[in-house]
Amino acid sequence: MSRVVLAPDSFKGTLPAAAAARALAEGWRAVRPHDDLVLRPMADGGEGTLDAVATSVRGAERIPVTVTGPDGERIVASWLLLPPTPDAPVGSAVSELANTSGIELLGDRRLPESASTTGFGQALAAALDAGVTRLILGIGSSASTDGGVGMLTALGARFTDAAGDPVAPGAAGLDTVAAADLTGLRPLPPAGAVVLTDVTNPLLGPQGAAAVFGPQKGLDDAGVARADAGLARLSALVPSVVAAAAGMGAAGGTGWGLAVWGAQLVPGARHVAALTGLPAAAATADVVVTGEGAYDAQSAAGKVPAFVASLAPGRTALVAGRVAADADTSAFAASLSLTDLAGSSAAALAEPARWLHEAGARLARTLAL
């Protein structure tokens, strides 16, 4: 009997990590029903972080909260209350920006000028109202480039124009921001806040929030230049936070906004793994299976599969929706592409659970001890 740990990231746009892990497990069990399968769905701070932690942490409780979505409409989101620990005696809150202010919430729409992080801040305020001792914040999959202004405003800060009026939501508000009043900003909880992100981009410039991530949020070339100038105007109002520091450009500058609040940025995949107990599970596994929607040349730099492979060298298999021709898969004992299994990317996207099931079965036949 083999011990198998299933630790995929989400297959973005098709299946969350927990569902992907279940599909892989069902395929494996169809071939080897007596193996010991341990599901540890993963995330790096983006979409799916709440699900990954909720699946793996016994006693975690989802707390619903109504917030302002990225388009300004009210939505029902949630945050996760973790059981008490010695350093968080009331419990920790896990909050995910994707759940409140994420780009997936917009569907096919893009609102590059007006989308904001207000809902994320409202969810954090709700967790603080509940008395949590610590915050664990995933900030991937943002819809906006507002520098975290919406979030900070929901937590009590004020950002105003030259006339003293509040600035508009989103990147558009950065065009006129002239003053930042942080005196009303709520304090961090007693044990502080950690921010889960594997993004190392600075706030400004050619590698900054607007230039690198703005186009996927709908910014054209002129919009990128305008948003970068707005972020520069914003950061000049709080010079104590270094805009050039790694991670400040995460989530449209929300990394910078959280640093203004005093939160600490930490590697996302590593912290989620620690929360879910993945390192200990991987250490005793015969095989570890990980995956994500697209594995390419950039995936080795801090993404979930590469991190999981580092926990079980020589014993980790990769399953991806697509494996790029230039991707280095040498860290894996085996790699499978759902596109190859299905015959086309369209077929793989149409039935991801079916092809993950098939991938699990094929790995069971070739990797089981």
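Residues numbered from 1 in each chain as written. Predicted model: local features only at pLDDT ≥ 70, side-chain atom pairs only at ≥ 80, totals over all residues. Heavy atoms only, no water.

S.K.: Give a detailed account of the overall build of the protein, specifying residues and quantitative values.
M.R.: When helices and strands are tallied, the protein shows 14 helices and 13 strands. If one aligns the C-alpha atoms of the protein with their principal axes, the spans along those axes are about 70 × 45 × 35 Å. Split into buried and exposed, the 369 residues of the protein put 53% on the buried side. Residue pairs at least 24 apart in sequence account for 70% of intrachain contacts in the protein once pairs closer than 6 positions are excluded. (Helix = DSSP H or I, 4+ residues; strand = E, 2+ residues; numbered from the N terminus. Buried < 20%, exposed > 50% of the residue type's maximum accessible area, 1.4 Å probe, protein only. Contact = heavy atoms within 4.5 Å.)

S.K.: Describe the sheet that holds strand β11 (residues 287-295), naming the residues involved and giving the relevant values.
M.R.: Reading across from one edge, β2-β1-β11-β12-β13 is the order of the five strands in this open sheet, with parallel pairing throughout. Two strands bound the open sheet, and with one partner strand each, they are β2 (36-39) and β13 (334-337). Neighbour-to-neighbour, the strand axes of the sheet open up by a mean angle of 20 degrees, direction not taken into account. When strand β1 (residues 3-6) meets β2, the two strands line up parallel, connected through four bridges. From the neighbouring strand, V5 faces β2, where its bridge partner is V38. Packed on one face of the sheet, helix α1 (residues 17-31) meets β1, β2, β11 and β12 (316-323) and runs near 175 degrees to β2. (Pairing = 2+ DSSP bridges. Axes fitted to C-alpha atoms, helices over the stretch in contact; angles between N-to-C directions.)

S.K.: Give a description of the pairing of β1 that names residues and reports values.
M.R.: One face of the sheet, then the other: side chains in a regular strand alternate in exactly this way. In the classification by handedness, the crossover that spans β1, the intervening α1 and the parallel β2 is right-handed. Judged from the three bridges that link them, β1 and β11 form a sheet pairing that is parallel. Paired with L6 across the strands is V289, a residue of β11. (Right-handed = clockwise from strand over helix to strand, strands pointing away.)

S.K.: Pulling in residues and values, what's your account of the pattern of salt bridges?
M.R.: Any two side chains of opposite charge can pair, on the condition that their charged atoms come close. Evaluated as defined, the whole model comprises ten salt bridges. Two residues, D129 and R186, come together in a salt bridge whose shortest N-O distance is 2.9 Å. On the criterion of sequence distance, the pair formed by D129 in helix α4 (residues 118-129) and R186 in the loop between β8 (179-181) and β9 (193-196) is long-range, its members being 57 residues apart. Exposure remark for D129: the relative accessible area of 59% places this residue in the exposed category. R186 sits in the partly exposed class, given a relative accessible area of 28%. Connected via shared salt-bridge partners are E113, D175 and R226. (Salt bridge = Lys/Arg side-chain N within 4 Å of Asp/Glu carboxyl O.)

S.K.: An account of the sheet that holds strand β6 (residues 134-138) is requested, with residue identities and associated values reported.
M.R.: Across the sheet, which stays open at both edges, the six strands sit in the order β3-β4-β5-β6-β9-β10 with mixed pairing between neighbours. On the outer flanks of this sheet lie β3 (61-68) and β10 (264-266), each paired with one strand and no other. When strand polarity is set aside, the average angle formed by the axes of neighbouring strands in this sheet is 30 degrees. By the bridge criterion, two bridges tie strand β4 (residues 74-81) to strand β5 (residues 92-96) in an arrangement that is antiparallel. Counterpart to L81 in the pairing with β5 is A93.

S.K.: Describe the packing of α1 against helix α14 (residues 352-367), with residues and values.
M.R.: Interaxial distance between α1 and α14 falls to 7 Å at its minimum, and their mutual angle equals 45 degrees. The pairing of α1 with α14 is recorded here as oblique in orientation. Judged by the twist between their axes, the crossing of α1 over α14 is right-handed. Between α1 and α14, the contacting residues are A20, A23, L24, E26, G27, W28, A30 and V31 on the first element and A353, L356, H357, A359, G360, A361, L363, A364, R365 and L367 on the second. When the residues that make up the contact of α1 with α14 are grouped by side-chain class, the tally is 13 nonpolar, three polar and two charged. (Parallel < 35°, antiparallel > 145°, perpendicular 65-115°, else oblique. Left-handed = near helix turned anticlockwise from the far one by under 90°. Nonpolar A, V, L, I, M, F, W, Y, C, P; charged D, E, K, R; others polar.)

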